[in-house]
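Breakdown of the fold
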Amino acid sequence: MIQLDYMGRDLDFESELEAATPRPRTSKLTMTDSIVAELRKIPPVTRFLTLSLVGTTVPYLLNLISPYTLLYHPSAVFGKLQIWRLCTSFFFGSAGINFIFEVAMLYQTSNTLESS
């Protein structure tokens, strides 16, 4: 224990150092932490492909965006520089129960290719 007398008071640097040292988290994992932990277990290319498919199709299915803002159209890409249309048109899925099967098949196939 190091103590110094500075302006009439004793300073204890070890106790101040212990107080400043961050404690490990002992709280339970939240729902968000567990979802992020599960997503990190997925190989990176599979994660990108699957989340891209879901991220472009679900907003369309919920009528948040128009499908015409996602699909490829040469005059929009080269004339208006809407570059995202080059990528999003590949990840545009169908509606209904087929979308669930598309996500499952994409995940299974890309996970198998990436893991082997």
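The structure reproduced in this document is the subject of the present report. Predicted, not measured: the structure shown is a model, and the values here were computed from it. (Residues numbered from 1 in each chain as written. Predicted model: local features only at pLDDT ≥ 70, side-chain atom pairs only at ≥ 80, totals over all residues. Heavy atoms only, no water.)

**Observations regarding the packing of aromatic side chains**
Put simply, the test is: Note on aromatic pairs: the rings of Phe, Tyr and Trp (six-membered ring only in Trp) are paired at centre separations within 6.5 Å, and the planes decide the class, stacked below 30 degrees, edge-to-face beyond 60, tilted for the rest. The helix count covers DSSP runs of H or I at least four residues long, the strand count covers runs of E at least two residues long, and both are numbered beginning at the N terminus. Only protein chains enter the area calculation, which uses a 1.4 Å probe; residues under 20% of their type maximum are buried, those over 50% are exposed, and those in between are partly exposed.
Evaluation of the coordinates by the stated rule reveals 2 aromatic pairs. Geometrically, the ring pair formed by phenylalanine 48 and phenylalanine 91 is edge-to-face, given 5.9 Å between the ring centres and 90° between the ring planes. You can see phenylalanine 48 sitting in helix H3 (residues 44-61) and its partner phenylalanine 91 sitting in the loop between helix H5 (85-88) and helix H6 (97-115), a full 43 residues away along the chain. Residue classification places phenylalanine 48 among the exposed positions, given a relative accessible area of 52%. Relative accessible area serves as the criterion here: at 16%, phenylalanine 91 is assigned to the buried category.

**Some thoughts on the pattern of salt bridges**
What counts here: What counts as a salt bridge is simple: a side-chain nitrogen of Lys or Arg found within 4 Å of a carboxyl oxygen of Asp or Glu.
Taken as a whole and judged by the stated rule, the model has 1 salt bridge. Salt-bridge contacts for glutamate 38 lead to lysine 41; the nearest nitrogen and oxygen are separated by 3.1 Å. Remark: lysine 41 and glutamate 38 occur in helix H2 (residues 31-41); sequence separation between them is 3 residues, near one turn of the helix. On the accessibility criterion, glutamate 38 (45% relative accessible area) is partly exposed.

**A look at the environment of leucine 106**
Turning to its location among the elements, leucine 106 is positioned in helix H6. The partly exposed category is assigned to leucine 106, whose relative accessible area is 26%. Residues leucine 106 and leucine 49 lie 57 residues apart in sequence; the distance between their C-alpha atoms is 7.7 Å.

**Looking at a nonpolar patch on the surface**
How we decide: Patches in this entry comprise residues that are over 30% relatively accessible and not in a salt bridge; like charges within 9 Å are linked, as are nonpolar side chains (Val, Leu, Ile, Met, Phe, Trp, Tyr) within 5 Å. Computed with the Shrake-Rupley method and a 1.4 Å probe, the accessible areas treat only the protein chains shown as cover for residues.
On the surface, a cluster of nonpolar side chains totalling about 540 Å² of accessible area is made up of Tyr72, Phe78, Leu81, Ile83 and Leu86. With respect to the element layout, leucine 86 can be found in helix H5.

**Points about the side chain of threonine 50**
What counts here: Throughout, a residue-residue contact means that at least one pair of heavy atoms, one from each residue, lies within 4.5 Å.
Topologically, threonine 50 is positioned in helix H3. If we skip the residues at most four places from it in the chain, threonine 50 touches Val103, Leu106 and Tyr107.

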